[in-house]
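The lines below spell out each chain.
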Amino acid sequence: MDEAKTHNNSNKPRPRLLKCLVIQIISHSTFFSVVCFIAGIVALLLLPILAMNTYISENALMPGSANNMLSSNDVTVANKLVKDLTDLKLRSNGSPIESRKLIAQYMLGLDAEVTYHNFYPQLNQFHPLHFFTSPDSSIISKNISCASVGINTVGIIRAPRGDGKEAIVLVTPYNPKKVGSGDALSLGVAYSVFSLLSRVTWLAKDIIWLVADSQHGEYSSVSAWLREYQAPHFHRVVVNSETCNESSTMEGKLHSRFRRAGTMTVALVVKVAEEGNNFDDSLSIYAEASNGQMPNLDLINIVNYLAVHKQRLWMKVSKMESLLGSKWLNTLGVFFESIGQYARRLNPQWKFGIPANEYVEGTATLASSMYYQGLGVPTGPHGAFRDYQIDAITVEVSPKVSPTKMNRHIDFILRFGRLIEGVVRSVNNLLEKFHHSYFLYLMTGPSKFVSVGYYMIPFALLAAPLPIVAASLHVFSSKTTSQAPGASEVDASLESWKWIYSARKVFVIHLWGVAISVLPYFLCQIPGLTPTTNLTVWGSLAVLSLVILYSILGYPTSVAVASGAEKREWVNLKSVTLTAVSIGLCLMSIINFATAEIGALLIVPFCLMARPLMLDIQARSMRTLLLATLNLALGFIAFPPAAFFLLKSAFGYSDGYNISDYWNWMESLWAWNSATYLYIGMVHLPCWALCIHVLFHSC
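Residues numbered from 1 in each chain as written. Predicted model: local features only at pLDDT ≥ 70, side-chain atom pairs only at ≥ 80, totals over all residues. Heavy atoms only, no water.

Section: the confidence of the model for the chain
- Of the residues in the chain, 82% reach a pLDDT of 70 or more, and the chain-wide mean stands at 83.
- pLDDT under 50 marks residues 1–7. Its contacts with residues more than four places away, or in other chains, come to zero contacts.
- Considering only residues more than four positions removed or in separate chains, one finds that residues 134–142, a stretch of pLDDT under 50, has 20 contacts. (pLDDT = per-residue confidence, 0-100. Contact = heavy atoms within 4.5 Å.)

Here you go:
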């Protein structure tokens, strides 16, 4: 019997350690918040040290395993194309139609399927329903003329060993009205590879060469062709057909209908810079697409491996140039380097720390990668492919000498062409889409990256105090209500539900944020407004609508309160606001992590520190006055326009302060359907306004 009792007691649940731990954390929320925030900043600064070397995850790629087949004959013909385009530009009677015909003739000489794709410039205007969707192809510019019609030239090679279900895309943007030396060289490089692929026997995927007409922008021409390829529409605009069709008549050899190949697996945008770098031939990779989307890391790894180990090109990645000369960052790098040296003396197997100069470059590259991902705007025409879940990058070669002064076109085309050939050959080996390597990462160098498992740690540490402090404030408000003198159980129960009024206020302010986000749509309908006028009207309407909203709902920003419960109203309001910030940041981290990380750095300190200034003024101590000053400073930094100009100055992009720059920046965000615009209008700005409300609450 005793044994049975002992057995039953052993099966009883042990004390709820997790519950006790949560209670302790909530009761010490201030200490927990300070520790987590400092740890988040330290973890963010440690990311360049935790970066890993890139490696190829997909074994089938086998980059560089085969000898290059691109010959001097291919390069010679490609160089002739470059010369023909250059000579055509120098002729007085040279026209865009002639350059298109010339490119099409060279394609036809390789027995490729050649066709023209006509597209029309689209209106680049804000529309609230266009977020997270493809632009409406029926929205085109008014007063269409033949001079504004864009014409892409497309050539397709059918794979001799393929079934037509997959394709690789090569893209070369060029402006037929102004063909630069760099554009002509990029066309020569693409043609040399296209010529080789037209006769090889190992090709298992169709090859599409898209010569994108970039007179209306590189992205728009590629995007228009992709829309027709993926989702054809039957809306047509007929204007001056006799004149516009002049470019389509060439001995009847061109296909009159839109031609397609298989499902696109990879796209490479090939470009040559117009200016030389006076150092050596270098290769830059641009991978950021809309809303922080990145291609599979294996695609970047292939290009990096072939460029460095096969073609001896100098790899370049985008860096925040202002951080390279930062003294505090160099001092921090020296500090981490000394810690690493000390750790290795204790245990040689501990590999912590990197050289100070490498840390500075890694941090500058990481900041650039996070900035461009957080911006949510594609860094090149490759972004159009990522909208259809197609892995794509832009590779741009900066020659040592400017293309206009270059005398070694053949050597340059051969070197760059063999790089593209190697990438195509590796991708041709794939039996399925890229999936082994990472899609979520930040670059810290040409061959170093930080994976999602590491870069989520700083964000988690920064956001962790928000729900904890919210719970602590709710518990504090409930205890204060229940311990009030003369308070009955019914009164305490009613007071415990006061947070609902705060939740309603938070909800209404977020609806105000939605309305503010939609306002630019109506401002864009008014012709003749300058950016400064637009921003002034936008800001005035935002403030006016907020004042009207408070007056209608009976929530003035400052009222004379009498009861203790009303004096504690700011506690519930801050608690609900912190919950809203936590939810907004977590949702944003799913859409675009970089935006959530930057937003957390700006808004979290202000939300955690916000408290009525009246309390600090009434205390009249040096500590409270410093606290009030800190709150005002954090509120100024977290204000979106102020944060924009501060970050612009900190990253070295300040070329003077013009208020219209903020409107232009916001306009670029909504024009590219960036989710960062939604975050600023629907999460950051409403929560900032609520914290300002807490800051100026009358107690």
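After that view of the structure, there is still more to cover.
Thoughts on the packing of aromatic side chains
- For the structure on display, the rule yields 24 aromatic pairs.
- Plain terms: the ring middles of phenylalanine 336 and tyrosine 359 are 5.4 Å apart, the flat faces sit at 65° to each other, and that makes the pair edge-to-face. Note that phenylalanine 336 is positioned in helix α11 (residues 327–346) and tyrosine 359 in helix α12 (residues 356–375), a separation of 23 residues in sequence. The same class applies to phenylalanine 336 as to tyrosine 359, namely buried.
- Note that arginine 425 overlies the ring of tryptophan 202, its terminal NZ or CZ placed 4.3 Å from the centroid. (Phe/Tyr/Trp six-rings, centres within 6.5 Å; stacked < 30°, edge-to-face > 60°. Helix = DSSP H or I, 4+ residues; strand = E, 2+ residues; numbered from the N terminus. Buried < 20%, exposed > 50% of the residue type's maximum accessible area, 1.4 Å probe, protein only. Lys NZ or Arg CZ within 6 Å of the ring centre and 35° of its normal.)

Focus: unusual backbone geometry
- Positive phi values are uncommon outside glycine, yet asparagine 291 reaches one of about 55°.
- If you trace the backbone, asparagine 291 turns up in the loop between β7 (282–286) and α9 (297–310).
- The phi torsion at asparagine 673 lies on the positive side, around 55°, for a residue other than glycine.
- Examined against the element boundaries, asparagine 673 turns out to sit in the loop between α26 (660–671) and α27 (675–695).

Description of the sheet that holds strand β6 (residues 263–272)
- Spatial strand order, β2-β3-β5-β4-β6-β9-β7-β8: eight strands in an open sheet with mixed pairing. The open sheet is flanked by β2 (113–119) and β8 (314–316), the only strands paired with a single partner. The average angle at which neighbouring strand axes cross in this sheet is 25°, direction not considered.
- Of the strand pairs in this sheet, β7 and strand β9 (residues 391–398) are connected by five bridges, and their pairing is antiparallel. (Pairing = 2+ DSSP bridges. Axes fitted to C-alpha atoms, helices over the stretch in contact; angles between N-to-C directions.)

Remarks on the pairing of β6
- A large share of β6 lies buried, amounting to eight of its ten residues.
- Examined bridge by bridge, strand β4 (residues 166–174) and β6 share six bridges and lie parallel to one another. Bridge pairing in β6 links valine 169 to alanine 267.
- Pairing analysis gives seven bridges linking β6 to β9, with the strands arranged parallel. Within β9, the residue paired with valine 269 across the bridge is threonine 394.

Here we look at helix α24 (residues 622–638)
- A rise of 1.5 Å per residue sets the reference length of α24, with its 17 residues, at 24 Å; its end C-alpha atoms lie 24 Å apart and thus fit the reference within 8%.
- Within the sequence span of α24, burial applies to Thr624, Leu627, Ala628, Asn631, Leu634, Gly635 and Ala638. Along the axis of α24, the buried positions cluster into a sector of 125°, meaning they face one direction only. Exposed positions of α24 whose direction lies more than 90 degrees from the buried face are Met622, Leu626 and Phe636.
- Looking at the buried side of α24, the elements it contacts are α22 (593–609), α23 (613–619), α25 (640–650) and α27. (Expected span 1.5 Å × (residues − 1). Arc of directions from axis to C-beta.)

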